[in-house]
Amino acid sequence: PELMSWLFNESSVKDTVVINDRWGKETRHNHGGYYTTEYGAEVLDKPWEECRGMGFSFGYNRNEDAEDYNSPRSLVLMLVDIVSNGGALLLDIGPDGRGRIPVIMQERLLQIGKWLELNGEAIYGTRKWDVPCQWSEGKQDYKPEKSNYLSGDLILKLTVDPEPGYAVKEAIFTRKDSTLFAIAPQWPGKALTLQGIQGKTDTEVTLLATGETLKWENKGDDLVIALPDYDPNKFTAEANYAYAFKITGAAE
């Protein structure tokens, strides 16, 4: 209590400091400017941050092999899903015994960065929208084994590799002012139908990875975006982790 009193009343950063919930007994999810989760990405009722490593271990573990690390696609989808729920991703990297960042960790960061170079507008400076995602038909209550939470396989089961009978997140949403971003974990095919969303007379739809302006129309209560045939020559390997669509005026 003495430290908190000094920090918020007398310190040089008293008007700008933000603290998490990890500074005292029984403070987790009870006190702090934002809450934190670890290897679970539990959605919370105030600003929150998921803290995890790239694999099972938080930092470098020489006993881990390549298969213990999350794929770049799963890390990108994890980031997108967390941001859509109002969270931030704190992804740890750790030096090895020589003080160097392991090559596989460097590679993952570069791959995530290349996806963000194309689609960062749908992530940076955005906020959660009215709903975090649009589900396909099927059950939405898939619960993995604890090990799958740790490995990061959960996000793949919820997006691109569902168990039989379970739904997937067809589109994950973020917003910036009146602009809505819909991020599809898989290429939607001939069209992307966004349920309960309406375009306006001045709405423009852009595929961020290529900069293409796409045709759209309102059909009933839905917005239907016409898509070109998938052309692999238009997309880098990193662009295929997820496809972000910018829809102006749709988040009002």
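Treat the numbers as computed from the prediction; the structure is a model and nothing was measured.

Here is what the cut-offs are and how they apply
- Residues numbered from 1 in each chain as written.
- Predicted model: local features only at pLDDT ≥ 70, side-chain atom pairs only at ≥ 80, totals over all residues.
- Heavy atoms only, no water.
- Salt bridge = Lys/Arg side-chain N within 4 Å of Asp/Glu carboxyl O.
- Buried < 20%, exposed > 50% of the residue type's maximum accessible area, 1.4 Å probe, protein only.
- Pairing = 2+ DSSP bridges.
- Helix = DSSP H or I, 4+ residues; strand = E, 2+ residues; numbered from the N terminus.
- Axes fitted to C-alpha atoms, helices over the stretch in contact; angles between N-to-C directions.
- Contact = heavy atoms within 4.5 Å.
- Core = buried A, V, L, I, M, F, W, Y, C linked by side-chain atoms within 4.5 Å.
- Phe/Tyr/Trp six-rings, centres within 6.5 Å; stacked < 30°, edge-to-face > 60°.
- Lys NZ or Arg CZ within 6 Å of the ring centre and 35° of its normal.
- 1 Å grid on protein atoms, 1.4 Å probe; cavity = no way out; pocket = protein on both sides within 12 Å on 5 of 7 lines; lining within 4 Å.
- Points joined across faces, edges and corners; volume = space filled by probe spheres on them.
- Nonpolar A, V, L, I, M, F, W, Y, C, P; charged D, E, K, R; others polar.

### Here's the deal with the pattern of salt bridges
Reasoning step 1: One pass over the full model with this rule turns up 14 salt bridges.
Reasoning step 2: Put simply, Asp-96 and Arg-98 hold a salt bridge, and the shortest N to O gap is 3.3 Å.
Reasoning step 3: Look at Asp-96 and you get buried, because its relative accessible area is 15%.
Reasoning step 4: Residues joined by salt bridges that share partners form a network here, namely Asp-21, Arg-22, Arg-28 and Glu-38.

### Points about the sheet that holds strand 3 (residues 87–92)
Reasoning step 1: Spatial ordering of the open sheet is given by 1-2-3, a layout of three strands whose pairing is parallel. With partners counted over all chains shown, the strands left at the sheet margins are strand 1 (35–38) and strand 3, one partner each. For this sheet, the mean angle separating the axes of adjacent strands, direction not counted, is 25 degrees.
Reasoning step 2: Packed onto the sheet, helix 2 (residues 72–84) meets strand 2 (48–53) and strand 3 and runs at close to 150 degrees relative to strand 3.

### Considerations on the nonpolar core
Reasoning step 1: Ranked by size, the top nonpolar core spans 29 residues in total, and within it Val-80, Trp-115, Ile-123 and Ile-183 carry the most contacts.
Reasoning step 2: Breaking this core down by element, the ones donating at least two residues are helix 2, helix 3 (103–119) and strand 6 (179–184).
Reasoning step 3: A total of eight residues in this core trace back to one element, the largest contributor, which is helix 2.
Reasoning step 4: Setting aside residues no more than four positions away along its own chain, Ile-183 makes contact with Val-80, Trp-115, Ala-122, Ile-123, Glu-170, Ala-171, Ile-172, Ala-242, Tyr-243 and Ala-244.
Reasoning step 5: Within the second largest apolar cluster, 24 residues are counted, among which are Trp-129, Ala-182, Leu-227 and Phe-235.

### Section: the environment of Met-54
Reasoning step 1: In this fold, Met-54 is placed in the loop between strand 2 and helix 2.
Reasoning step 2: We classify Met-54 as buried; its relative accessible area is 1%.
Reasoning step 3: Along the primary structure Met-54 and Leu-91 are separated by 37 residues, whereas in three dimensions their C-alpha atoms are 6.8 Å apart.
Reasoning step 4: Other than its neighbours up to four places away in sequence, Met-54 contacts Asp-68, Tyr-69, Asn-70, Leu-91, Asp-92, Ile-93, Met-105, Arg-108 and Leu-109.

### Structural notes on the sheet that holds strand 7 (residues 191–194)
Reasoning step 1: Read from one edge of the open sheet, three strands run 7-11-10, paired in antiparallel fashion. Among the strands making up the open sheet, the edge pair consists of strand 7 and strand 10 (216–219). Shown here is a sheet whose adjacent strand axes are inclined to one another by a mean of 20 degrees, direction ignored.
Reasoning step 2: The pairing of strand 7 with strand 11 (residues 222–226) spans four bridges and is antiparallel. If you follow Leu-192 over to strand 11, its bridge partner there is Ile-225.

### What about the packing of aromatic side chains?
Reasoning step 1: Using the criterion set out here, one finds seven aromatic pairs in the structure.
Reasoning step 2: Relative to Phe-235, the ring of Trp-187 lies with its centre 5.7 Å away and its plane at 65 degrees, an arrangement referred to as edge-to-face. With a gap of 48 residues between them, Trp-187 in the loop between strand 6 and strand 7 and Phe-235 in the loop between strand 11 and strand 12 (243–247) connect regions that are remote in the sequence.
Reasoning step 3: Ring geometry for Tyr-230 versus Phe-235: centroids 5.2 Å apart, planes at 5 degrees, classification stacked.
Reasoning step 4: Among the aromatic residues, those joined into a ring-pair cluster are Trp-187, Tyr-230, Phe-235 and Tyr-243.
Reasoning step 5: A cation sits over an aromatic face here: Lys-139 above Tyr-166, 4.4 Å from the ring centre.

### A few points about the layout of surface pockets
Reasoning step 1: By volume, the largest pocket amounts to about 480 Å³.
Reasoning step 2: What lines the largest pocket is a set of 23 residues, among which Gly-40, Ala-41, Asp-81, Leu-154 and Leu-158 lie closest to the centre.
Reasoning step 3: Those elements that provide at least two residues to the lining of the largest pocket are strand 2, helix 2, helix 4 (146–151) and helix 5 (153–157).
Reasoning step 4: Residues of the lining of the largest pocket, tallied by class, amount to 11 nonpolar, five polar and seven charged.
Reasoning step 5: Here the second largest pocket defines a volume of roughly 330 Å³.
Reasoning step 6: Residue lining of the second largest pocket: 18 residues in total, with Gly-86, Gly-87, Ala-88, Thr-126 and Arg-127 positioned closest to the centre.
Reasoning step 7: Contributions of two or more residues to the lining of the second largest pocket are made by strand 2 and strand 3.

Read these as spatial facts, not as claims about activity.
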